[in-house]
Number of protein chains: 2
Amino acid sequence: MMLRNSVKSSLNLRNCHTLLKKRTFKEITNNDISNFRKIIGDNYVKENNIDSYNEDWMKWYKGKSKCVLLPKCMEEISEIVKYCYKENIAIVPQSGNTGLVGGSIPMFDETILSLKRLRNNFTFDQTSGIVECDAGYILEEINDKLKEHGYMMPIDLGAKGSCFIGGNVATCAGGIRLIKFGNIHANILGLDAVIGDKNGSILRMGSSLRKDNTDLHLTHLFVGSEGQLGIIGNVKILAVPYPNGISTSLLSVNTFDECKKVLQIAKSQLGENLTSFEFLDSDTLQCVNEFSKVPIPFNKIPRFALVIECTSSEEDISSKKMENFLSICYDKNLVDDGIMTNGFNEGRGIWNIRESAPLSVTKEGYVYKYDMSLPIDYFYELNNTMKKYLNDDKEELGILRICSYGHLGDGNVHFNIISKHSTYDIYNRVHPYIYKWIVDHKGSISAEHGIGQLKQKYMSIGKDSTQMSISRSIKNLFDPKGIFNPYKFIN
Amino acid sequence: MMLRNSVKSSLNLRNCHTLLKKRTFKEITNNDISNFRKIIGDNYVKENNIDSYNEDWMKWYKGKSKCVLLPKCMEEISEIVKYCYKENIAIVPQSGNTGLVGGSIPMFDETILSLKRLRNNFTFDQTSGIVECDAGYILEEINDKLKEHGYMMPIDLGAKGSCFIGGNVATCAGGIRLIKFGNIHANILGLDAVIGDKNGSILRMGSSLRKDNTDLHLTHLFVGSEGQLGIIGNVKILAVPYPNGISTSLLSVNTFDECKKVLQIAKSQLGENLTSFEFLDSDTLQCVNEFSKVPIPFNKIPRFALVIECTSSEEDISSKKMENFLSICYDKNLVDDGIMTNGFNEGRGIWNIRESAPLSVTKEGYVYKYDMSLPIDYFYELNNTMKKYLNDDKEELGILRICSYGHLGDGNVHFNIISKHSTYDIYNRVHPYIYKWIVDHKGSISAEHGIGQLKQKYMSIGKDSTQMSISRSIKNLFDPKGIFNPYKFIN
């Protein structure tokens, strides 16, 4: 077995990327700091106590930025960018810093531009359902504002209490409602961004209208651009009506084939009301049960659990549809056991299981997280394949558990290898094997987490070289000196 | 009144654009024809009987192309583009030629590249609901194929029997289902296009996956690009489940304010089941009744009519929701009269009224069509404003009728001035007034029809100059010699 004799010493993730050469951006001087202070005020140029900006929440990545800038408006961002363009200073835009791929953490000593204070403008048009707000609003906060008007945001994810809407757009965040409302492209209508030209120009794209075919649809180019084309300052997004009926079920299923059959029935029976179709395997459920102490309401941990949510504008429709759907699943012997709840509060118990998964798997040991899309037929096959592939090396690699959870409804699996410690072997040998396997099976190596630092060296696998070259040219158009979020994604 | 003394002689639309200077593209020679024949075969280079390609279906625009190319695959398109790049030959890509702004008709003698034969590949994945097909498939034809599997396309428009999916994507076609399924951005996942570089490179973007964050989302840049960045050859789109329940109603309403109130109730009551919310004013209904002989099932032509469709995965839900919704509208005295039908066939009678509108208004005289988005509050105000503004000049301008219909649910109004003949005055004096009014009221001068030839000179009104300059640079990146669809949109 290839891996057997190659276990090396433990190391932290940061050191795995040192192959990237530092470019000749200017190192921040006292004069620069003084100029930044002139632009945004003394209190908003931070040089001390900036560890929380230099480090991601999982403490996987650590930057060495000497300076954090906290502008309050687009005009200040524009002035900062204009200055950095002139002085050749690199900038890492940072939203809620809730990412998992190191996208908003400097690689070296790039200046951090935090969007925390960019939260002046918020308007909501109740007739059209369109929100227009600054990038620094927290997703949950926007939801709270919309709820008063009977609306909510079309996206929902675990980080909702901390992530900013600007970052959601910049990373094309996915989450648990995508199956009903589509991704950010489905809901975004316009945005403003500061681009990296000599003027720090503010580029205003799209509008607060559902249909607008008057120019290239540049708005969509910023969705998923990971802060490499410009700094998103304001977004226009279509909100969706807050549902009057919510029914949630947790099902215990014995085989993956049966999970797929349940999905097909859910799609046809729940139709436009199917909001979430989430998946957890037994290893994930064990972690949830053991490390987060969230109770699994079955006699024993099932082989697979599905969390299915159905929402509707009328209270009784979601429950009736869910009941019909469940009775079909039971009749076909697809479901071993299950519970169903109605209403938001009742459903929390079920969602706690699903939402505890990402943190639970980190509590057993060091976790290698993979975020991938796969055709449904291969959704769980990688798990089986890797268990076999790594079986002989389990002890030497310190592997404790291999587990999967994620969004079966849209083909996005979060695959996790938990080990006692972090080793080169998984980064250097297991990673490439997995990424090649994904591409060979027509999947995507990054479904919703993006490329960031983590996948920079893998993003070309199976990619069209013409597309990559066009992407570089587009990056160059918006950011000719390459000062925005360097060393990531498009390098 | 400004217009009173300025009525000039009648002329056709084509002559209104002659201010554009012809650029120095190469005129097609016999040698070029012979080279095209080598690439795609003798039978597929047409020099005779090409009027139907040189003219749009409304016969508003007429090109002078000497040659129509009908390639069968992406590789042939690539070879054509490579040759045209070398020889500096301009190309107008043409799909179903169902547009209303002259986007697919040459301005001068550009070569026409028809996508009629690009229809080799069609695959549908029933689990994910994703269609992958060549650009030359007709929208209705795709629907017929999907219906067998219980799916349909998310877009639906009057031209569905003739328009190609490639053209739908290239123009970001809107239509009558947008309120439920979103626009093309909501459903497109990937596409292949030939770009205008020296190799005629085939650029493959996105994938057949719901989530894929591995590069810039270039796919979306081609949506609404009107054939100016490249020639779309293949698309990957998410289909939507075919509904089991369809309920359609036609309501007679007395004031526009009441129409708005009905819309708000429809949004909250019909929620995710609201599929269409269409609007026709009495002048439009008069035309439908008189010129298309489609009966209006009310005692008298109403001031406003609304066509509302509600669809659902379960048969009885759409009818129950529609009944509830209607009873609320009646209780609030918002609706004067109304009919409701269940099922696709029963609903045809109602849809015939709506679908007859575009052609009916052309039968009374020469029609100036405006396709705009407006905030709902201003949706009908332009009609009132223009009736007043043009009242004194009605006879001199030969104005017969001013009428509006369109997609009230998404704010897209089709505003029509019908006159006895075509005159400079409306093009040169009324057009700018209207476009300025739209922009002053935060609308879009082109909602779903695009810019094409018609609006090229107006597209900069109220536009961000940075965005326009970036658009030109992006055009230059994909098509450095500017050979794709010149003189349109981005000039």
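This one's a predicted model, so the numbers in the text were calculated from it and none came from an experiment.

Would you mind going over the packing of helix α13 (residues 381-390) of chain B against helix α15 (residues 424-440) of chain B with me for this structure?
The angle between the axes and the distance between the axes are what describe a pair of packed helices. Residues and elements named next belong to chain B. Where α13 meets α15, the axes come as close as 12 Å, and the angle between the chain directions of the two elements is 145 degrees. The chirality of how α13 crosses α15 is right-handed. Here Glu381, Leu382, Thr385, Met386, Tyr389 and Leu390 of α13 lie close against α15, whose contacting residues are Val430, Tyr433, Ile434, Trp437 and Ile438. Across the contact of α13 with α15, the residue classes break down as nine nonpolar, one polar and one charged.

How should I be thinking about the environment of Met153 of chain B in this particular structure?
Relative to the elements of secondary structure, Met153 of chain B occurs in the loop between β7 (151-152) and α5 (165-171). Since its relative accessible area comes to 2%, Met153 of chain B is described here as buried.

I'm lost on the packing of helix α1 (residues 30-40) of chain A against helix α3 (residues 74-87) of chain A in this one. Help?
All names here are of chain A. For the pair α1 and α3, interaxial distance at closest approach is 9 Å and the crossing angle is 160 degrees. It follows from the interaxial angle that α1 and α3 lie roughly antiparallel. The chirality of how α1 crosses α3 is right-handed. Between α1 and α3, the contacting residues are Asn31, Asp32, Asn35, Phe36, Ile39 and Ile40 on the first element and Glu76, Glu79, Ile80, Tyr83, Cys84 and Glu87 on the second. Its residues assigned to classes, the contact of α1 with α3 shows six nonpolar, two polar and four charged.

Would you mind showing me how to read the sheet that holds strand β5 (residues 122-125) of chain B here?
Note: strands within a sheet are paired through backbone hydrogen bonds, in either parallel or antiparallel orientation. Residues and elements named next belong to chain B. Across the sheet, five strands lie side by side as β5-β6-β10-β8-β9; this open sheet has antiparallel pairing. Here the strands that pair on one side only, and so sit at the sheet edges, are β5 and β9 (202-206). Strand-to-strand, the axes of this sheet are offset by a mean angle of 15 degrees, without reference to chain direction.

Is there a simple way to explain the pattern of salt bridges in this structure?
Close approach of charged atoms allows side chains with opposite charge to pair. Applying the stated criterion across every chain yields a total of 60 salt bridges over all chains. One salt bridge connects Arg401 of chain A with Glu364 of chain A, and the closest N-O pair in it is separated by 2.8 Å. Of the two residues, Arg401 of chain A is situated in strand β17 (residues 399-407) and Glu364 of chain A in the loop between α12 (344-363) and β16 (366-373); the sequence distance between them amounts to 37 residues. Residue classification places Arg401 of chain A among the buried positions, given a relative accessible area of 13%. For Glu364 of chain A, a relative accessible area of 23% corresponds to the partly exposed category. Between Glu278 of chain B and Arg354 of chain B there is a salt bridge, and its shortest N-O distance comes to 2.7 Å.

Please explain the nonpolar core as it appears in this structure.
Counting 84 residues, the largest nonpolar core has Phe222, Ile474 and Phe478 of chain A together with Phe222, Ile474 and Phe478 of chain B as the members making the most contacts within it. In this structure Ile474 of chain A touches Leu221 and Leu229 of chain A together with Leu216, Leu218, Leu221, Leu477 and Phe478 of chain B, once residues within four positions along its chain are discounted.

Looking at this structure, how should I read the interface of chain A and chain B?
Interfaces are often described in size by the accessible area the parts lose on coming together. Contacts between the two partners involve 83 residues from chain A and, on the opposite side, 83 residues from chain B. Between chain A and chain B, a total of about 6500 Å² is buried, with carbon and sulfur atoms accounting for 56% of that surface. Summed over the three residues of chain A that lose the most area to chain B, namely Lys211, Asn213 and Leu216 of chain A, the buried surface amounts to 13% of that side. At the surface where chain A touches chain B, the tally comes to six salt bridges. Among the salt bridges present, the one from Glu448 of chain B reaches Lys211 of chain A, with a minimum N-O distance of 2.9 Å. On the surface where chain A and chain B come into contact, there are 40 residue pairs in polar contact (both at pLDDT 80 or more). Contributions of two or more residues to the side of chain A that touches chain B are made by α6 (178-181), α7 (184-187), β9 (202-206), α8 (219-222), α9 (256-270), β14 (304-312), α11 (315-331) and α16 (465-478) of chain A. Here the side of chain A that touches chain B is composed, by residue class, of 31 nonpolar, 36 polar and 16 charged.

Help me understand the side chain of Lys455 of chain A, please; the structure alone is not making it clear to me.
Residue and element names in this part refer to chain A. By the secondary structure assignment, Lys455 is in the loop between α15 (424-440) and α16. The buried charged residue Lys455 lacks any salt bridge, with Asp371 as its nearest oppositely charged partner at 4.4 Å. In terms of polar contacts, Lys455 uses its side chain to reach the backbone carbonyl oxygen of Asp371, at 3.2 Å. Not counting chain neighbours up to four residues away, the residues in contact with Lys455 comprise Asp371, Tyr435, Ile445, Ser446 and Gly450.

Just to check I follow, could you spell out the relation of the copies chain A and chain B for this structure?
What connects the two chain copies is a rotation about an axis and a shift along it. At an RMSD of 0.0 Å, chain A and chain B line up after a rotation of 180 degrees and a shift of 0.0 Å along the axis. With respect to symmetry, the two chain copies, as superposed, fit the operation of a two-fold axis. It is Ala186 of chain A whose C-alpha, among those of chain A, lies nearest the rotation axis, at 1.8 Å. Interface overlap between copies: 100% of the residues of chain A at the interface are likewise at the interface in chain B, consistent with a symmetric, same-surface contact.

Which parts of the structure should I look at to understand the pairing of β5 of chain B?
Within a regular strand, side chains alternate between the sheet's two faces. Residues and elements named next belong to chain B. Bridge count between β5 and strand β6 (residues 130-134): four bridges; the pairing is antiparallel. In the strand pairing of β6, Phe124 is matched with Val131. Hairpin connection of β5 to β6: four residues between the antiparallel strands, including Gly129 at a positive phi of 80 degrees.

How should the domain arrangement of chain A be read in this particular structure?
Residue and element names in this part refer to chain A. According to the domain assignment, chain A consists of domain 1 (30-114), domain 2 (122-241), domain 3 (245-359) and domain 4 (365-449). Measuring from the centre of the C-alpha atoms in domain 2 to the corresponding centre in domain 3 gives 29 Å. Carbon and sulfur atoms make up 58% of the area that domain 2 and domain 3 hide from each other, which totals about 660 Å². Interface area lost by domain 2 to domain 3 is led by Ile176, Ile179 and Lys180, which between them contribute 81%.

What is the right way to look at the packing of aromatic side chains in this model?
Aromatic ring pairs are reported here in terms of the distance separating the ring centres and the angle at which the planes meet. Across all of its chains, the model carries 42 aromatic pairs over all chains by this definition. When the ring of Phe279 of chain B is compared with that of Tyr380 of chain B, the centres are 5.6 Å apart and the planes differ by 65 degrees; the resulting orientation is edge-to-face. Of this pair, Phe279 of chain B sits in strand β13 (residues 274-281) while Tyr380 of chain B sits in the loop between β16 (366-373) and α13, and the two are 101 residues apart along the sequence. A relative accessible area of 2% places Tyr380 of chain B in the buried class. One aromatic cluster in this structure is built from Phe256, Phe279, Phe304, Phe379 and Tyr380 of chain A. Residue placement shows Arg117 of chain A over the ring face of Tyr44 of chain A; its charged tip is 3.3 Å from the ring centre.

Here is what the cut-offs are and how they apply
Residues numbered from 1 in each chain as written. Chains lettered and ligands numbered in written order. Predicted model: local features only at pLDDT ≥ 70, side-chain atom pairs only at ≥ 80, totals over all residues. Heavy atoms only, no water. Axes fitted to C-alpha atoms, helices over the stretch in contact; angles between N-to-C directions. Helix = DSSP H or I, 4+ residues; strand = E, 2+ residues; numbered from the N terminus. Left-handed = near helix turned anticlockwise from the far one by under 90°. Contact = heavy atoms within 4.5 Å. Nonpolar A, V, L, I, M, F, W, Y, C, P; charged D, E, K, R; others polar. Buried < 20%, exposed > 50% of the residue type's maximum accessible area, 1.4 Å probe, protein only. Parallel < 35°, antiparallel > 145°, perpendicular 65-115°, else oblique. Pairing = 2+ DSSP bridges. Salt bridge = Lys/Arg side-chain N within 4 Å of Asp/Glu carboxyl O. Core = buried A, V, L, I, M, F, W, Y, C linked by side-chain atoms within 4.5 Å. Buried area = accessible area lost by both parts, 1.4 Å probe. Polar contact = N/O pair within 3.5 Å; in protein donor to acceptor, adjacent residues only side chain to side chain. Lys, Arg positive; Asp, Glu negative; His and termini not counted. Least-squares fit on C-alpha atoms with pLDDT ≥ 70 in both. Domains from an automatic or database assignment. Phe/Tyr/Trp six-rings, centres within 6.5 Å; stacked < 30°, edge-to-face > 60°. Lys NZ or Arg CZ within 6 Å of the ring centre and 35° of its normal.

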